[in-house]
Amino acid sequence: EEQVIHPEDPTKAIFYFAQSALTSAQQMSFAIGPFSLYVIRADNETKRIVDGGDITESLVLAYCLPGMELQLQNTTSWMRKAMDFFEEYDVYPYTSFKMVFVEDPVTESALTASMAMFSQSILYPPEIVEQAYTTRPILSFALASQWSGLSMVPKAYSDSWLIDGIALYLNAQLTRKLLGDNEYRYRLRCDMERCVTLDQGDQYPICVPGTLTPADRATLQFIQLKAPLVLHILDQRMTKLGTSSALSRNVIPEIFRQARADSLAGRQLSTEHFFRICKKTTRSLDVIAFQNQWVLGSGCPRFAVKAEYVKKTGRQGYVNLSVYQPPSQAFRVVSDKEVNNLEWKAPTEYFTGDLTVHIHDGDEAPFEHVVDVIGEGRIHELPYTANVKRVYRNRSSRRTGRLKAEEPSIEATAKDKEMSEEQREAVEWRFANWTQEDMEKLFSQGFDWIRYDPDGEWIAMFERQKTAVGGVPAESDAIVWATQLQYEKDVIAQKEACGLDSFLVFRTHLKSF
């Protein structure tokens, strides 16, 4: 940027701007107005080194109209941390990042090279805290798009899912760093449930080869929902095969380096090139099957799972795990009602892959098993050894039960007395402690609770089938849900235990913790 005096009128000035990075014309923008400038500096004056060896700083600037300076500083002061985080993947492709807040724009945000324009309505004062959960993802996504979306563009319209998906995936990783694993995993699970609900035959695949027009607004919203989830499960499956932080530390930085070094023709990224790099990073992963199911195909699976404990001798036994996968709802809907769209929607009938199962017994480390999901599924026999503490508690509870049976009952005398307020509330809300029969059922089950896909390797729903064979309750019973809620520290497990299905079971059988 350079400013000179007009050669014919000294009261005017001429501004010269130069864009050194390769940028297309539609990605250039200008903002003119009486703006107030706020320079967002690093706490420790973080520097970065570019290839030439010169030490420079990635400037983060914010502009607003007069009167909004306090809200501007409060809203954007954290963006230096976001810049430092994204620069861990690759150097910033431009010299500075400018955020301009204007009044009543046509869209809430407009992203261009090295600059993003927003509505000033997303600014908020220090007294308002909740607005940060809405505003910060908008700002950080605009910054992440400077790497994936502006400096690097899709090769075809069908590759747009990958560009948006990488930016949103990086945005989610920033959320994980700033807000912690619990907030990240909770948002991730909520997005997965939304995706499964929407992708039941009404949606096209996130990548449709041969598309000649960009996606409409509704389709784009679904793509931006599913694309980062697909990248997440891809990262999880690559990591399980031995590649640590496969996407974050290997694939995505390599793609950014290729785009910066002009190894990508026109800095255009294609789906085929992306999965080619994934294949080089983790050769054990069946990239073609994953791509056909989750990227080129539509639909999400729903599993019907059921677990029963079978005791052999002593503490030895096994768990009969039934994993049933009916044909996906998307496949049934498209095959019955939209035969003409069968080729374009390409619904996946059966999803394949490895499913991780954790069998928990109290607060001990879980037994981890990996079962393969193929076709409609089958019954798996999982070796399992009951905890020694469980056997001891079982025997102790039986002895205690016999002793209590010999004591005189106080129910008759309690009926004649007035109930306390706590007792009345317990009766009204149906709160009750475990009975001796409940404890016997819990101990005879052999395990406390089972978790399916605890690391989020599937965009799927798991429907637990309730069975009671020989008096042994299934994992969907109230006892198991309450035990999972009491001992499990993972936020996803707590969300499952507090879900609608488990709450319906809780209504008539609750434990007061």
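Residues numbered from 1 in each chain as written. Predicted model: local features only at pLDDT ≥ 70, side-chain atom pairs only at ≥ 80, totals over all residues. Heavy atoms only, no water.

### What to know about the side chain of Ser 270
1) Next: You can see Ser 270 is positioned in the loop between strand S11 (268–269) and helix H9 (271–281).
2) Next: Ser 270 sits in the buried class, given a relative accessible area of 11%.
3) Next: Beyond its immediate sequence surroundings of up to four residues, Ser 270 is in contact with Lys 155, Asp 159 and Leu 162. (Helix = DSSP H or I, 4+ residues; strand = E, 2+ residues; numbered from the N terminus. Buried < 20%, exposed > 50% of the residue type's maximum accessible area, 1.4 Å probe, protein only. Contact = heavy atoms within 4.5 Å.)

### Comments concerning the sheet that holds strand S17 (residues 449–452)
Backbone hydrogen bonds are what pair the strands of a sheet, in a parallel or an antiparallel way.
1) Next: Within the open sheet, the three strands sit side by side as S15-S14-S17. Their pairing is antiparallel. Every other strand in the sheet has two partners, leaving strand S15 (367–373) and S17 as the edge strands with one partner each. Neighbour-to-neighbour, the strand axes of this sheet turn through a mean angle of 25°, independent of strand direction.
2) Next: Bridging between strand S14 (residues 353–360) and S17 involves four bridges; their strand directions are antiparallel. The residue of S17 that forms the bridge with Val 357 is Tyr 452. (Pairing = 2+ DSSP bridges. Axes fitted to C-alpha atoms, helices over the stretch in contact; angles between N-to-C directions.)

### A look at the pattern of salt bridges
1) Next: Applying the stated criterion to the full structure yields 21 salt bridges.
2) Next: Residues Glu 193 and Arg 189 are paired through a salt bridge, measuring 3.8 Å at the closest nitrogen-oxygen approach. Of this pair, Glu 193 and Arg 189 both sit in helix H6 (residues 181–198), four residues apart, roughly one helical turn.
3) Next: Among the salt bridges present, the one from Lys 226 reaches Asp 199, with a minimum N-O distance of 2.7 Å. Within this pair, whereas Lys 226 is found in helix H7 (residues 217–240), its partner Asp 199 is found in the loop between H6 and H7, the two being separated by 27 residues in sequence. (Salt bridge = Lys/Arg side-chain N within 4 Å of Asp/Glu carboxyl O.)

### Quick look at the packing of aromatic side chains
1) Next: As enumerated under the stated definition, the model contains 16 aromatic pairs in all.
2) Next: Ring plane angle 70° and centroid distance 5.3 Å describe the contact between Tyr 92 and Trp 147, whose orientation is recorded as edge-to-face. Separated by 55 residues along the polypeptide, Tyr 92 in the loop between helix H2 (79–86) and strand S7 (96–102) and Trp 147 in helix H4 (residues 146–150) bring together distant segments of the chain.
3) Next: Using a relative accessible area of 3% as the deciding quantity, one classes Tyr 92 as buried.
4) Next: Under the relative-accessibility criterion, Trp 147 is labelled buried at 4%.
5) Next: Ring plane angle 80° and centroid distance 5.2 Å describe the contact between Phe 274 and Phe 275, whose orientation is recorded as edge-to-face.
6) Next: The exposure class of Phe 274 is buried, given its relative accessible area of 1%.
7) Next: The class of Phe 275 is buried, set by a relative accessible area of 4%. (Phe/Tyr/Trp six-rings, centres within 6.5 Å; stacked < 30°, edge-to-face > 60°.)

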